[in-house]
Amino acid sequence: MTGTLPGGTPAGRLLFVCTGNICRSAAAERLARRDFAELLGDAADRVQVHSAGTRAVVGAPVHPHSAAVVRRLGGQVDGYAARRLTRPMVAEADLVLTMTREHRRLVLGVDPRALARTFTLAEAAELVGLLGDTPAPDQPLARRLAAARTRRRSDEADDVPDPINGSPEVHEDVVQAIERYLHPVLRVWAVDLGTRLTAAD
């Protein structure tokens, strides 16, 4: 999913990170693309959504059990290929959402400057609830989340468990949880992006 504002700058860049990049972050990427299409319509192609793994199974498709859930939820998994996390991926992202606190630590090991742009998915979902309903297109969502971070405490509830060796039911539960966490974050960001895109047009 690619696209730009005038001048060649994408409206937003979102990166999801897990371990193998075939279950959790892969599902998040494809569900986020689905959600942006619903939230932004034709403007969705002006947002870049990607994922990567700290120990990725490079080139692999989405795990079959996770893929089945993503498809049932309306996401597309065709043509997917897992990627290994690199510093440029992190440096270019406006917002990095990891599946666990350990993934967040590893992202910051790759690029320490990403601290204010990197959150676990569950953390970000709770933080957006602290922001209020007023759009802030001139203030990056990551900056607003970082400012709200001091108002909550991080713990094991911020981790989405790895379903890799689990049953189809385990993958179902994990992907459903990812979808629940995604929706509030993307809804808030889409409002900001929509305001920016309207102003740019």
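Computed from a prediction, not measured in an experiment: that's the story for all the values here.

1. Here we look at the packing of aromatic side chains
Part 1 of the argument: The full count for this structure, using the stated rule, is one aromatic pair.
Part 2 of the argument: Between Phe36 and Trp189 the ring centres are 6.0 Å apart and the planes differ by 65 degrees, which places this aromatic pair in the edge-to-face class. Placement of Phe36 in helix H1 (residues 24-40) and of Trp189 in helix H7 (residues 168-200) is noted, with a sequence separation of 153 residues between them.

2. Remarks on the environment of Cys18
Part 1 of the argument: Structurally, the position occupied by Cys18 is in strand S1 (residues 12-18).
Part 2 of the argument: Residues Cys18 and Glu169, spaced 151 residues apart in sequence, show a C-alpha to C-alpha distance of 20 Å.
Part 3 of the argument: Among residues more than four places away in sequence, those in contact with Cys18 are Arg24, Ser25, Ala52, Gly53, Thr54, Met99 and His103.

3. Some details on the sheet that holds S1
Part 1 of the argument: A sheet is described by the order of its strands in space; here four strands give the open sequence S2-S1-S3-S4, paired in parallel fashion. Either end of the sheet is taken by a strand with one partner, and the two such strands are strand S2 (47-53) and strand S4 (118-120). On average, each strand axis in the sheet is tilted by 25 degrees relative to the strand beside it, whichever way the strands run.
Part 2 of the argument: Helix-sheet contacts for helix H5 (residues 121-128) involve strand S3 (95-98) and S4, and the interaxial angle to S4 is about 95 degrees.

4. Describing the pattern of salt bridges
Part 1 of the argument: Counted according to the given criterion, the structure contains 14 salt bridges.
Part 2 of the argument: A salt bridge links Asp162 to Arg24; the nearest nitrogen and oxygen atoms lie 3.4 Å apart. One end of the pair, Asp162, is in the loop between helix H6 (141-148) and H7; the other, Arg24, is in helix H1, and 138 residues separate them in sequence.
Part 3 of the argument: For Arg101, the salt bridge is made with Asp159, and the minimal N-O distance between the two is 2.9 Å. With a gap of 58 residues between them, Arg101 in helix H4 (residues 101-110) and Asp159 in the loop between H6 and H7 connect regions that are remote in the sequence.

5. Digging into the pairing of S3
Part 1 of the argument: Of the two faces of S3, both are covered, the one formed by Leu95 and Leu97 as well as the one formed by Val96 and Thr98.
Part 2 of the argument: As paired elements, S1 and S3 share four bridges and run parallel to each other. Each bridged residue has a counterpart across the sheet, and for Leu15 the counterpart in S3 is Val96.
Part 3 of the argument: In this structure, S3 lies alongside S4, joined through three bridges in parallel fashion. The residue bridging Leu97 from the neighbouring strand is Phe119, located in S4.
Part 4 of the argument: The parallel pair S3 and S4 is bridged by H4, and the resulting crossover is right-handed.

6. With respect to H1
Part 1 of the argument: The terminal C-alpha atoms of H1 lie 24 Å apart, and with 17 residues this matches the ideal 24 Å at 1.5 Å per residue to within 8%.
Part 2 of the argument: Burial within H1 is extensive, with 14 of its 17 residues counted as buried.
Part 3 of the argument: Positive phi shows up at Gly41, right after H1, with a value of about 60 degrees.

The rules behind these values
Residues numbered from 1 in each chain as written. Predicted model: local features only at pLDDT ≥ 70, side-chain atom pairs only at ≥ 80, totals over all residues. Heavy atoms only, no water. Phe/Tyr/Trp six-rings, centres within 6.5 Å; stacked < 30°, edge-to-face > 60°. Helix = DSSP H or I, 4+ residues; strand = E, 2+ residues; numbered from the N terminus. Contact = heavy atoms within 4.5 Å. Pairing = 2+ DSSP bridges. Axes fitted to C-alpha atoms, helices over the stretch in contact; angles between N-to-C directions. Salt bridge = Lys/Arg side-chain N within 4 Å of Asp/Glu carboxyl O. Buried < 20%, exposed > 50% of the residue type's maximum accessible area, 1.4 Å probe, protein only. Right-handed = clockwise from strand over helix to strand, strands pointing away. Expected span 1.5 Å × (residues − 1).

By themselves, these observations are geometric and do not establish any function.
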